[in-house]
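Working through the structure, step by step
Spelled out from the first residue to the last, the chains are:
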Amino acid sequence: MNTNAPLSTYFDQINKNVCKNVAFSEEELRIFNEHLQYKTIKKKTFLLQEGEICNFEAFVIKGCMRKYYIDKNGFEVVLQFAIEDWWVSDIASFHEQKPSNLFIEALEDCEIFVLTPEKKEALLAKAPKFERQFRLLVQKNLSATQSRLINSIAQTAHERYADFLKKYPKIPQRVAQHYIASYLGISAEFLSKVRAKMAKEK
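Residues numbered from 1 in each chain as written. Predicted model: local features only at pLDDT ≥ 70, side-chain atom pairs only at ≥ 80, totals over all residues. Heavy atoms only, no water.

It is worth spelling out the pattern of salt bridges at this point. One pass over the full model with this rule turns up 9 salt bridges. One salt bridge in this structure joins Lys-120 and Glu-57, with 3.1 Å as the shortest N-O distance. With Lys-120 in helix α4 (residues 117-126) and Glu-57 in strand β3 (residues 57-62), this pair connects stretches of sequence that are 63 residues apart. Across this residue pair, the class does not change: Lys-120 and Glu-57 are buried. For Glu-76, the salt bridge is made with Arg-66, and the minimal N-O distance between the two is 2.8 Å. Linking Glu-76 in strand β5 (residues 76-82) with Arg-66 in strand β4 (residues 65-70), this pair joins segments that are 10 residues apart in sequence. Judged by its relative accessible area of 37%, Glu-76 is partly exposed. (Salt bridge = Lys/Arg side-chain N within 4 Å of Asp/Glu carboxyl O. Helix = DSSP H or I, 4+ residues; strand = E, 2+ residues; numbered from the N terminus. Buried < 20%, exposed > 50% of the residue type's maximum accessible area, 1.4 Å probe, protein only.)

Written out as structure tokens, the structure reads:
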């Protein structure tokens, strides 16, 4: 296994993440770690493509990914960026085991932990408290999706970008501007104007 840090360090990282919402015992965390699969993903590699069934819930140890779909006009619409300590998956495809409409692509070389449907079921059987942890993750995802939908209607592009910077302060230095524009629902040219205006206001 090629990794620049001991795997125990990565387990500490994901354990700290799940313990933010639920208090787990050392034994429960040990069981959790036993069900995780470590993977390295090269830049520009797809973890999921449209038409495939999503067989993972992935935790990003290192790197950056984007989740997107292609609209009826053939344009890529970015739904999420996933960086360190974020989870990424197609929740509907994962739980219903139906073909996905989404793509998940590594924008950088990534290191991740993966939980498959089978491993998740085995985990929940041995450590039922994780049911609450994953339910909270789904609730957080739904809340974020709802807020983004409302903001896309109610906020100006300037306000949406300001909110984006609060949520993803490190992303602008790590991904191409047109991906950020896609996430915000505006053109790359218009985003440049927004950024220029914000720079003048500082």
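All right, on to the layout of surface pockets then. Taken as a whole, the largest pocket holds about 1,400 Å³ of empty space. If you go around the largest pocket, you meet 44 residues; those closest to its centre are Gln-80, Asn-141, Ala-144, Thr-145 and Lys-167. For the lining of the largest pocket, the elements supplying multiple residues, two or more each, are β4, β5, β6 (87-88), α3 (91-96), α5 (130-154), α6 (157-167) and α7 (177-184). In terms of residue count, the dominant contributor to the lining of the largest pocket is α5 (15 residues). (1 Å grid on protein atoms, 1.4 Å probe; cavity = no way out; pocket = protein on both sides within 12 Å on 5 of 7 lines; lining within 4 Å. Points joined across faces, edges and corners; volume = space filled by probe spheres on them.)

Of all 6 residues that make up β3, 5 are buried, and the element is covered over most of its length. Of the strand pairs in this sheet, β3 and strand β8 (residues 110-115) are connected by 5 bridges, and their pairing is antiparallel. Looking at the pairing, Val-60 lines up with Ile-112 of β8. Across 2 bridges, the pairing between β3 and β6 is antiparallel. Its bridge partner being in β6, Phe-59 is matched across the sheet by Trp-87. (Pairing = 2+ DSSP bridges.)

Purely spatial values, then, with no claim about function.
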